[in-house]
Amino acid sequence: MDRADQQDQGRGERPLEKRLRALGRELGAREAEHTDSLSAARSNAEKLHAIVADALATFHDAAAGAGAPHLQVELSAPRLDDKHVRAVEFELARGRHRAIVTVKSRGEVTLVGPFRAGKNEGPCRSFPCDAMDELDGALGDFLSRFLEEASTP
């Protein structure tokens, strides 16, 4: 019996707690080697989020100035990706219209959408995190498509 099991016995844990503690240790040890790359993905996602937030603020100001202040898009905070445990994402939303930016720990950015909530996600385009010139152009196209679709009755 190893030291961790001896400590668990001393706690009087239920079998379920003991089982999940062991699983937590196992999965935690497996994922620990990805901590640095996931931190880098979060940092890249936060940088892209700031770029998108600034661009949306410009769009909102221009739309309001043109007489359409109701063309507002919500931007979520960066969070652990809904599908990939080793990625960070943030979402744009207006009504049922969605677009997602996913930054993966392997150094890739994927632009998903635009699409409607409840429908299949896509289209998707992926870029290396360090290809900022290419990503900047693609991000402009991506946001323009999303805003056009989300603002069309």
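Just so it is clear, the model here is predicted, and its values are computed rather than measured.

### Observations concerning the layout of surface pockets
Right, so step 1: Estimated volume of the largest pocket: approximately 170 Å³.
Right, so step 2: Contributing elements (two or more residues each) for the lining of the largest pocket: β4 (97-104) and β5 (108-116).
Right, so step 3: When residues of the lining of the largest pocket are assigned to their parent elements, the largest contribution, three residues, is made by β4.
Right, so step 4: Per-class residue counts for the lining of the largest pocket are three nonpolar, three polar and six charged.

### Quick notes on the pattern of salt bridges
Right, so step 1: A full pass over the atoms with the stated rule returns nine salt bridges.
Right, so step 2: Among the salt bridges present, the one from Arg21 reaches Glu13, with a minimum N-O distance of 2.6 Å.
Right, so step 3: Given the relative accessible area of 32%, Arg21 is considered partly exposed.
Right, so step 4: Glu13 sits in the buried class, given a relative accessible area of 18%.

### Observations regarding the confidence of the model for the chain
Close inspection of predicted coordinates is inappropriate in any region flagged by low pLDDT.
Right, so step 1: Summary statistics for the chain give a mean pLDDT of 91 and a share of 93% for residues scoring 70 or more.
Right, so step 2: Within the chain, no element has a lower average pLDDT than helix α1 (residues 3-11), which sits at 58, and none a higher one than strand β1 (residues 74-75), at 98.

### Considerations on the environment of Leu143
Right, so step 1: By the secondary structure assignment, Leu143 is in helix α4 (residues 132-150).
Right, so step 2: Leu143 gets classed as buried once you look at its relative accessible area, which sits at 9%.
Right, so step 3: With 91 residues separating them along the chain, Leu143 and Val52 place their C-alpha atoms 8.3 Å apart.

### Thoughts on the environment of Glu46
Right, so step 1: Relative to the assigned elements, Glu46 resides in helix α3 (residues 35-65).
Right, so step 2: Judged by relative accessible area, which is 42%, Glu46 ranks as partly exposed.
Right, so step 3: Separated by 44 residues in sequence, Glu46 and Phe90 have C-alpha atoms that sit 9.1 Å apart.

### Considerations on the nonpolar core
Right, so step 1: By size, the foremost hydrophobic cluster in this structure holds 24 residues, and its most contacted members are Leu48, Leu92, Val109, Leu111 and Phe142.
Right, so step 2: Among the secondary structure elements, those contributing two or more residues to this core are α3, β3 (87-94), β4, β5 and α4.
Right, so step 3: Examining the composition of this core, we find that eight residues originate from one element, α4, more than from any other.
Right, so step 4: When neighbours within four sequence positions are excluded, Val109 is seen to be in contact with Leu48, Val101, Thr102, Val103, Arg125, Ser126, Phe127, Cys129 and Leu135.

Thresholds, definitions, all that
- Residues numbered from 1 in each chain as written.
- Predicted model: local features only at pLDDT ≥ 70, side-chain atom pairs only at ≥ 80, totals over all residues.
- Heavy atoms only, no water.
- 1 Å grid on protein atoms, 1.4 Å probe; cavity = no way out; pocket = protein on both sides within 12 Å on 5 of 7 lines; lining within 4 Å.
- Points joined across faces, edges and corners; volume = space filled by probe spheres on them.
- Helix = DSSP H or I, 4+ residues; strand = E, 2+ residues; numbered from the N terminus.
- Nonpolar A, V, L, I, M, F, W, Y, C, P; charged D, E, K, R; others polar.
- Salt bridge = Lys/Arg side-chain N within 4 Å of Asp/Glu carboxyl O.
- Buried < 20%, exposed > 50% of the residue type's maximum accessible area, 1.4 Å probe, protein only.
- pLDDT = per-residue confidence, 0-100.
- Core = buried A, V, L, I, M, F, W, Y, C linked by side-chain atoms within 4.5 Å.
- Contact = heavy atoms within 4.5 Å.

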